[in-house]
Amino acid sequence: MATVGLMENIEFNFIKAKKSAHSCQTLSEHTDWVVRESMKLIDEVSLKKVSKNSGFSESFIRDLIFFSAYFHDIGKASVEFQNKIDGQNIKAFHSFYSFNLTYELNNFDFNNINLLSLIVLTHHTSYYDDIFNNMSEKFQPIFPFVEQFFYNYRDLYFELLNKNAPHLQFTENYDFSLDEMKESIKYLENDRYSFRILYSYVSGILNLADWIASAKFNKIEFDFSNKLNNLEFKFKLKDFQEQIANLTSSAIVEIPTGEGKTEGSLLWAFNNLQNKNTKIIYTLPTQTTSNKLFERIKNIFDNVGLIHSSAKMYLQDEYEKENGYVDQLFYSDYIFNKTFSKPVTVATLDSLLKNFINIGRFNIATVNYLNSVVIIDEVHSYDFKLLGFLKRFLEISNKFEVKVLIMSASIPEILKIKLEIDKLPIIKDSSLFNKTANYIYKIDKLLENSIFDILEKFNSGKRVLVIANTIKKSVEIFNALNVENSTLFHSQFKKIDRPKKENEIFDKLKTGQPYILVATQIVEISLDIDFDVLFSEVAPIDSLIQRFGRVNRNKNQSRIGEIFIFNYREPKPYDDLAMKFAFEIVETGFFPISRYVQWLNIYYDRLLQKDVNFQNKFNELFKTGYKIYDEVLKKPISENKIYDLRDIENEREDFLLIDDYKNGKTDFEHTISLPSIYSKKNLYSDKTKNNYWRILNLTYNYKTGVNLL
């Protein structure tokens, strides 16, 4: 087949792979970089795990990584790609051509699937059923000099692996259809688990190496191996912190809030690093708690990552404050950040678990997970569906010998049994649970009828926290109080205003002046705050215990806090019988924290014995969450489907409000998360040509949020 156009006069050594404003990189140069980076990313710990769980030898897997890296861009030696890189406005599907040139290399078959050709096919895009559909009918690739490039693998293989390379036979194949591979993938049946781990590991290393090499070409150097050699905390460790630090296995840590679990867990992670590539992953329930921990530990460790749905916006703001502008270095760094590639990553638990299903570059996250230690903090705060998925995650972690530290102030015994973690070692300091902090009062009336009592505490010089169970009631109470030195905080503020609200709360508390914060359950785990008095509607007891921890946080015996729990008679957001049991079980008086744990276990035992509806919901949600991962394995490698890991009754959506839209403020920061149902009667405009977000005809102000009345 004759060459045409540009390729008639091109020489082998000038086939281009990368181009920037100032230079070009040849295919040979780029390939050499990617292969070398791939070999560096292989660690013996992960390799052994993948070999054991896939059934393939370490030698086979190492070869598959080498040849995937070597052949991933061979399709760039095509007319289309070379014309494109020189400025023509055309499409050039080089990974499809790479696929064709490797399809008949049968050295890497997995149940009639050529893993090598599949990996090079998908190194720029996730696999889906219609990937490059009918490409072979539309394009006839031409590969001048490609055979010379093909056989050059032998010298590089010998240099890097110190042995002779296996023989691979070059074959040109332009007529192959993807249908045969698609059918093989669909019918993997019992081999899906081993197939997924092998595919994820090898393709993940290839993608990561390709990113590193591309960054290097753009004069950006990254080194994500950990250099965590001198972790020290400048205080005397408590007994339980030393016990945690000395653990060499997965475990549970049950220690009250504010006693130093975080420091102990970081020491545990540090002491369980296996090699220079081992990652530390620390998960929390909310974006706010993740951001705050990120701020704390980036002063302890170098090169800390942050992952949650708004992390890019947060990191971009931080980078701009430090550097004055956002440049290419930020965007290159963020690519690595979002796949757990940093030595230490703080993330929401959802963000970690979603990387076990078909979301984004799950393969790179899998590579990093296999050689990681994982901390799951505040485990009590998750709903039953997410806990079901967490159980499956813990089983996978056990299978891959990934150590996990589970932390909470209190985990109900029934949940330990359900998660099958009740046999894990437990670090627990009874003396810390004997501490007392607050006097509890039960008030058999409604919170909104206690405005005078709240104001009385405020006027006596107290810092007062008021927690309502609904946003509507929190707004009503805030307006009724009408106090200048007060803040309202709930989930229906714009993204740009939420950090401002949080900083306002911290700043007000620092002054030590009388202050009122009116909030919803959002403060149970999202803010590290300390008040003198709490007025709260009754809630599930695990939620109440979190609310109690926002009063006299340091258990200072010279300033005993006061907690007032009010009865609650509305159907939402909690179950009626659950609220009835909670109000009955909580007692009036001055109790050690250990008593709170007793209430928690009584509460769950009673609910699961006497409330059939609660029992059915508990079991159904847990089962649904548990099955998500295995349901995903039945699908193609990736389908870019968003899976709901949490039990969300009212689906939420990010909207723009009409005033921001009219003023041109259409970025993510100005969106607000609201139940989708509000679009039915408040929709101003659906997504427009130049705007991704739907627009609501609702008013808004910084003090109280969006007006939904």
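The written sequence of each chain sets the order in which its residues are numbered from 1. Totals for whole chains, interfaces and linings use every residue, but because this is a predicted model, local features are given only for residues with pLDDT of at least 70 and side-chain atom pairs only at 80 or more, for both listing and counting. The side-chain numbers reported here are obtained from all heavy atoms of the structure, hydrogens and water having been left aside.

### Focus on the packing of aromatic side chains
Aromatic rings in a pair are described by how distant their centres are and how their planes are angled relative to each other. Between 30 and 60 degrees the pair is tilted, below 30 it is stacked and above 60 it is edge-to-face, where a pair is any two Phe, Tyr or Trp rings, Trp via its six-membered ring, whose centres lie within 6.5 Å. On inspection of all chains with the given rule, the structure shows 46 aromatic pairs. Taking NZ or CZ as reference, lysine 216 lies 4.4 Å from the ring centre of tryptophan 33, over its face. One residue, arginine 606, lies across the ring of phenylalanine 581, its end atom 5.4 Å from the ring centre. We call a charge positioned above a ring when the Lys NZ or Arg CZ atom is no farther than 6 Å from the ring centre and deviates by at most 35 degrees from the ring normal.

### Side note on the nonpolar core
Ile61, Phe66, Phe71, Tyr201, Phe393, Leu517 and Tyr603 are the most contacted members of the largest nonpolar core, which has 158 residues in total. In terms of residues, this core owes the most to one element, helix α11 (residues 192-217), which gives 14 residues. Once residues lying within four places of it in the same chain are set aside, the contact partners of tyrosine 201 are Ile42, Asp43, Ser46, Leu47, Val50, Ile61, Ile65, Val367 and Leu370. Here, nonpolar core refers to any group of buried Ala, Val, Leu, Ile, Met, Phe, Trp, Tyr and Cys residues whose side-chain atoms link them within 4.5 Å. Burial classification: accessible surface area is computed with a 1.4 Å probe over protein chains only, and a residue below 20% of its type maximum counts as buried, one above 50% as exposed, and the rest as partly exposed. Counting 32 residues, the second largest nonpolar core, distinct from the first, contains Leu247, Leu293, Tyr319 and Leu405. Working definition: helices are DSSP H or I runs of at least four residues, strands are E runs of at least two. Numbering for both runs from the N terminus. The contact criterion used throughout is that any non-hydrogen atoms of two residues lie within 4.5 Å.

### As for the confidence of the model for the protein
Scored by pLDDT, the protein has a mean of 87; 91% of the residues are at 70 or more. Per-residue pLDDT stays below 50 along residues 1-10; that stretch engages in 20 contacts with residues further than four places along the chain or on separate chains. The predictor's confidence in any single residue is recorded as pLDDT, a number from 0 to 100.

### Considering the environment of lysine 555
Its location among the elements puts lysine 555 in the loop between α26 (541-548) and β17 (561-566). In this structure lysine 555 comes out as buried when scored by relative accessible area, which is 11%. Taking the C-alpha atoms as reference points, lysine 555 and threonine 436, 119 residues apart in sequence, are found 6.3 Å from one another. When neighbours within four sequence positions are excluded, lysine 555 is seen to be in contact with Pro256, Thr257, Glu259, Lys435, Thr436, Ala437 and Ile593. Under the rule applied, a polar contact is a pair of N or O atoms within 3.5 Å (in protein, one hydrogen donor and one hydrogen acceptor; residues adjacent in sequence only if both atoms are side-chain atoms). Within the structure, lysine 555 has its side chain in polar contact with the backbone oxygen of threonine 257 (distance 2.7 Å).

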